[in-house]
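Here's the letter readout for the chains.
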Amino acid sequence: MITGIEVAPSILNADFADLRSEVAKVATADWLHLDIMDGHFVPNLSFGPAVAKALRAHSDLPFEAHLMVANPEVYIEPFKEAGVARVLVHPEGTIHLHRLVQQIKESGLEAGVALNPATPLSAIDLLLPDLDMVLLMTVNPGFGGQSLIRSVLPKIRQLRQKLTTAGLHCRIGVDGGINQTTAAEVIAAGADFLVAGTHIFRNNEDPAQVIAALKQLGTAKLAD
Ligand code: DX5
Ligand code: ZN
């Protein structure tokens, strides 16, 4: 059951030369999404715990670290110390996913799993009761500004059905190519957590207005 939409701006496509003010522009969001890329798991390099720590002092939002890295287990503690509240890991990037999720939760952080577009839901069936969030990648990870992969829409519907049937309340996040149009589609499919980067930071509109318009879609959905 959707109890309201949360919006998490991704800073990957924000102005890296002015991150402090970029983050201040999205103070009305619900979370801040930090895309951590190591050039191995994805063909791009972004930033690490030091940037998360620097931004921590300039935002009241909870931070989530989306680890698109090899050996994600070595980054849990550094991001915890940097002030992150949730860590999202990929099953495609680790051998022992159950142990990794346990490690995140034992660190006192929220645990989420992010699935690449080609990864089936069956990869996490046994973990669903342990998760605070399943993030369904709606682009192939590594870059902002890509178009939503529409074949992920049925996956959102299937996951919503699984969670409803099992009476589980973990969030369904979507990440990549989210704008006002695609957000309506993914919410209709059952998503309740929207990661958006380009739509928020590279838009001619005020980021706060863009965020409010995305959240409004959730209110409309609840009215259905
Ligand atoms: C891609 C990242 C996404 C991306 C979203 O690997 O995980 O968070 O930055 O950017 P947009 O919203 O521009 O697709
Ligand atoms: Zn991301």
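Everything numeric here is computed off the predicted structure, so don't read it as measured data.

What counts and what doesn't
- Residues numbered from 1 in each chain as written.
- Chains lettered and ligands numbered in written order.
- Predicted model: local features only at pLDDT ≥ 70, side-chain atom pairs only at ≥ 80, totals over all residues.
- Heavy atoms only, no water.
- Helix = DSSP H or I, 4+ residues; strand = E, 2+ residues; numbered from the N terminus.
- Rg over C-alpha atoms; globule rule 2.2 N^0.38 Å.
- Buried < 20%, exposed > 50% of the residue type's maximum accessible area, 1.4 Å probe, protein only.
- Contact = heavy atoms within 4.5 Å.
- Areas by Shrake-Rupley, 256 points an atom, 1.4 Å probe, with all protein chains shown as cover.
- Lys, Arg positive; Asp, Glu negative; His and termini not counted.
- Charge placed at Lys NZ, Arg CZ, Asp CG, Glu CD.
- 1 Å grid on protein atoms, 1.4 Å probe; cavity = no way out; pocket = protein on both sides within 12 Å on 5 of 7 lines; lining within 4 Å.
- Points joined across faces, edges and corners; volume = space filled by probe spheres on them.
- Nonpolar A, V, L, I, M, F, W, Y, C, P; charged D, E, K, R; others polar.
- Phe/Tyr/Trp six-rings, centres within 6.5 Å; stacked < 30°, edge-to-face > 60°.
- Near = heavy atom within 4 Å.
- Polar contact = N/O pair within 3.5 Å; in protein donor to acceptor, adjacent residues only side chain to side chain.
- Sits in = over half its atoms within 2 Å of the grid points.
- Donors = N, O, S within 2.8 Å, 3.2 Å for Na, K, Ca; no water.
- Tetrahedral: all angles 85-135°; square planar, octahedral: opposite > 155°, others 65-115°.
- Arc of directions from axis to C-beta.
- Pairing = 2+ DSSP bridges.
- Right-handed = clockwise from strand over helix to strand, strands pointing away.

Caption draft 1: Region of the structure containing the overall build of the chain. Helix and strand content of the chain: eight helices and eight strands. A compact globule built from 224 residues should have a C-alpha radius of gyration of about 17 Å, and the chain, at 16 Å, falls within 12% of that. Principal-axis analysis of the C-alpha atoms gives the chain an extent of 45 × 40 × 30 Å. For the chain, the residues scored as buried account for 53% of the 224 residues in total. Expressed as a percentage of contacts within the chain between residues at least 6 apart in sequence, the contacts between residues at least 24 apart total 65%. Split by element, the accessible area of the chain, about 9,700 Å² in all, is 53% carbon and sulfur. Side chains of the chain carry 17 positive and 24 negative charges; the gap between the two charge centres is 3 Å.

Caption draft 2: Structural context of the layout of surface pockets. Here the largest pocket is characterised by a volume of approximately 270 Å³. In this structure, the largest pocket is lined by 25 residues; those nearest its centre are Phe143, Gly144, Gly145, Gly176 and Gly177. Residue assignment for the lining of the largest pocket shows that the elements contributing at least two residues are β2 (32–37), β3 (63–68), β8 (193–196) and α7 (198–201). Taken together, the residues of the lining of the largest pocket sort by class into ten nonpolar, 13 polar and two charged.

Caption draft 3: Layout of the packing of aromatic side chains. A full pass over the atoms with the stated rule returns one aromatic pair. Ring geometry for phenylalanine 16 and phenylalanine 47: centres 5.9 Å apart, planes at 70°, overall edge-to-face. With a gap of 31 residues between them, phenylalanine 16 in the loop between β1 (6–9) and α1 (19–25) and phenylalanine 47 in the loop between β2 and α2 (49–56) connect regions that are remote in the sequence. Residue class for phenylalanine 16 comes out partly exposed when judged on its relative accessible area of 42%.

Caption draft 4: Seen up close, the site of ligand 1. For ligand 1, the set of nearby residues contains 20 residues, the closest of which are Asp35, Gly142, Asp175, Gly197 and Thr198. Interatomic distance of 3.1 Å between a side-chain N/O atom of serine 10 and an oxygen atom of ligand 1. Taking aspartate 35, its side chain carries an N or O atom lying 2.8 Å from an oxygen atom of ligand 1. More than half of the atoms of ligand 1 fall within 2 Å of the grid points belonging to the largest pocket. Going through the elements one at a time, β2, β3 and β8 are the ones with two or more residues in the shell around ligand 1. For the shell around ligand 1, the element with the most residues is β2, which contributes three residues. Classifying every residue of the shell around ligand 1 gives eight nonpolar, ten polar and two charged.

Caption draft 5: Summary view of the coordination of the zinc ion (ligand 2). Looking at the zinc ion (ligand 2), one finds its protein donor set to be His33 (NE2), Asp35 (OD), His66 (ND1) and Asp175 (OD), positioned 2.1 to 2.3 Å from the metal centre. For the zinc ion (ligand 2), the six donor atoms are set out with angles of 72 to 174° between them, so the coordination reads as octahedral. Considered as a linear motif, the donors of the zinc ion (ligand 2) on their single chain read H-x1-D-x30-H-x108-D. Within this pair, whereas histidine 66 is found in strand β3, its partner aspartate 175 is found in strand β7 (residues 171–175), the two being separated by 109 residues in sequence. Comparing histidine 66 with aspartate 175, the two get one shared label, buried.

Caption draft 6: Inspection of helix α6 (residues 180–189) at higher detail. Along α6, the positions that sit buried rather than exposed are Thr182, Ala183, Val186, Ile187 and Ala189. Along the long axis of α6, the arc covered by the buried residues comes to 155°, so they all point the same way. For α6, exposure combined with an orientation more than 90 degrees from the buried face picks out Thr181 and Ala188. N-capping of α6 is provided by asparagine 179, with a side-chain oxygen placed 2.9 Å from the backbone N of threonine 181.

Caption draft 7: Inspection of the pairing of β8 at higher detail. With burial as the criterion, each face of β8 is covered, one bearing Phe193 and Val195 and the other bearing Leu194 and Ala196. As defined by bridge partners, β1 adjoins β8 across four bridges and the pair is classed as parallel. Following the sheet pairing, alanine 8 is matched in β8 by valine 195. Here β7 runs beside β8; their pairing, made up of three bridges, is parallel. What sits directly across from aspartate 175, in β8, is valine 195. Viewed along the sheet, the connection from β7 through α6 into β8 turns out right-handed.

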